[in-house]
Every structure is written in structure tokens, then in C-alpha cells.
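Single-letter residue listing:
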Amino acid sequence: MKKLGNSFIIAFAMYSKIPMPRTEWTKDNMKYAMCFFPVIGAVIGAVILLWNYIQGYAGFGNSFYTVILMMIPVLITGGIHLDGLLDTSDALSSYKPMDQKLEILKDSHAGAFAIIVGICYFFLLFGCYSETNARMLSVLAIGFVLSRALSGLAIVSFRMAKNTGLAATFSDMAVKSRVKTVMLLYILLCAVGMILLEPVLGTVCLISALLMFAYYRYMSYQKFGGITGDLAGFFLQVCELVMAAAVVISGKNILPA
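Conventions used here
- Residues numbered from 1 in each chain as written.
- Predicted model: local features only at pLDDT ≥ 70, side-chain atom pairs only at ≥ 80, totals over all residues.
- Heavy atoms only, no water.
- Axes fitted to C-alpha atoms, helices over the stretch in contact; angles between N-to-C directions.
- Helix = DSSP H or I, 4+ residues; strand = E, 2+ residues; numbered from the N terminus.
- Parallel < 35°, antiparallel > 145°, perpendicular 65-115°, else oblique.
- Left-handed = near helix turned anticlockwise from the far one by under 90°.
- Contact = heavy atoms within 4.5 Å.
- Nonpolar A, V, L, I, M, F, W, Y, C, P; charged D, E, K, R; others polar.
- Disulfide = S-S within 2.5 Å.
- Expected span 1.5 Å × (residues − 1).

Q: Let's hear about the packing of helix α8 (residues 134-157) against helix α12 (residues 229-253): which residues, and what values?
A: In a packed pair of helices, the relevant descriptors are the angle between the two axes and the axis-to-axis distance. Look at α8 against α12: their axes get within 10 Å of each other, and the N-to-C directions meet at 155°. Looking at the two axes, α8 sits roughly antiparallel to α12. As for the relative orientation of α8 and α12, their crossing is right-handed in sense. Residues M136, V139, L140, G143, F144, L146, S147, R148, L150 and S151 of α8 form the contact with α12, whose participating residues are A232, F235, L236, C239, E240, M243, A244, V247, V248, G251 and K252. Its residues assigned to classes, the contact of α8 with α12 shows 14 nonpolar, four polar and three charged.

Q: Give a description of the state of the cysteines that names residues and reports values.
A: Put plainly, two cysteines are in a disulfide when a covalent bond ties their sulfur atoms together. Summed over the entire model, instances satisfying the criterion amount to zero disulfides. Of all cysteine sulfurs in the structure, the one in C190 sits closest to C35, which takes part in no disulfide; the separation is 14 Å. No disulfide involves C128; its nearest neighbouring cysteine sulfur is the one of C205, lying 12 Å away.

Q: Summarise helix α11 (residues 199-224); cite the residues concerned and give the values.
A: Within an α-helix, residues lying three or four positions from one another point in the same direction, as the helix has 3.6 residues per turn. Helix length check: α11 (26 residues) gives 37 Å between terminal C-alpha atoms against 38 Å at 1.5 Å per residue, within 8%. Among the residues trailing α11, G225 stands out with phi positive, at a value near 80°.

Q: Any details on the environment of M194? Residues and values, ideally.
A: With respect to the helices and strands, M194 occurs in helix α10 (residues 176-197). Residues contacting M194, with those up to four places away along its chain left out, are V139, I142, G143, L146, P199, G202, C205 and L206.

Written as C-alpha cells, this is what we have:
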């Protein structure tokens, strides 16, 4: 139990800004760290639903409400996955050979395309969230768990582009067969929960996430030779945007008024 507790602490210390006790990042303590990665998504989803509940009583303006909705994942995670989105955008936009793309991922400077993609990303996210309602948000709240479960599955299943970096470290330290089983269980529970909660929206959200997961593998292998921590962040952010867009579009055009 102590090892599981330490794995929980490491997952939250690495992938969130929630204060955690100090613990040693040993191989034993990191064995199951990825198993707790989706739990951070559950925290994000819960806070989003809480904010929506508060909005029902406070009645803030739509713009303010939507901006806070957008900022909740950033505040909880500290923007660690956004960094991957921006670095990957720079690398993909360079059209350089694979080895040079990998070097761009390591560059701490933000290029023009990173800034452009970052601005467009938040505009698109604002547009999606401003169109959501309680039914859509209930599905998207589960989506934060699903995106992290898929990302965790990739960490222990996909080929690494290099043997250094955060993704490689967490992959090497993990008990892959058990972590994979846990991630698949998370995905199954998310799928069942989404579909039982909202059959149409849940199905659309699940399919959009799985399609994005397939694209993630294809793009990573074709452009980078495997995945890295930055590519994992890119997947997470884009997956959550794609799910939001799919849910909003389907909710507006498929569900009865």
C-alpha cells in the first residue's frame, strides 16, 4: 500500500499543481504512477462540474463563466500538457527531417507557430465551451479521465522516439502489463459511464477520442519515430479540444431541442 501511495503522490506531483507530500522518485515508487494519472482528470472534471453548479446560483456573465471553465484544467495541471502542444506545433510546422524535429521539441524557446497554435487553440476552446450545457459538460467531465487513460495506455504501449525524457522514464519505470490493464479498465469505465449518462453525446465523445488516439499513433510514428513527453501533451490537449467540439456539434445538431 505504501508503494501505491507513493505512486499516487508522484503522479500528482508530476502532472498537477496540487500540493503533495515529498517522496523519493525510485523505481519501486514509480511502478504504478501512471495508474493514477487519470485520477487527475477526475479532479478536473469534478471541479468543472462544481463551477457549473456555482454558475447556476451566481449567474456570472457567459464570457467570464467560459474563461474560468477553460482555465480550470490549466490551473490544476500547471499547463504541463500545453507545453507539449506548443513544442509539437513548432516541430510539425518546421517540415524538417525527423531528427531535427526531435531537436525542436527540446528547444525551450517558443517559435512563431507555437504562439499561433496556442492562440487558435484557446479561441477554439472558448467557442466550444461557450456552447456547452450541463448535459454536455457531464460527458466532457468524464472525457478528462478518458484522455489521460488513453495517454497512459500509449506510454506503456507505443514505441518511444528516444530513450530519454519524461515519457521514456515513466514508461521504463512502469510495470507495463499491469498499467496497461488498469488503463484499459479506465477506458472501459469511461465509455460505459459516458454512454449510460448520455447515449448520443457519450458515443460521439468516445469515438472522437479513439480517432484522435489513432491519429496520435500514426503521426508520432511517421513524423517522430515514436512518442515523447511533448507528443503526449499534444495528444492530451488536442484530444480534449476534439471531444469538446464533437460533443457541442452533435449536441446542437442531433439531440432534440
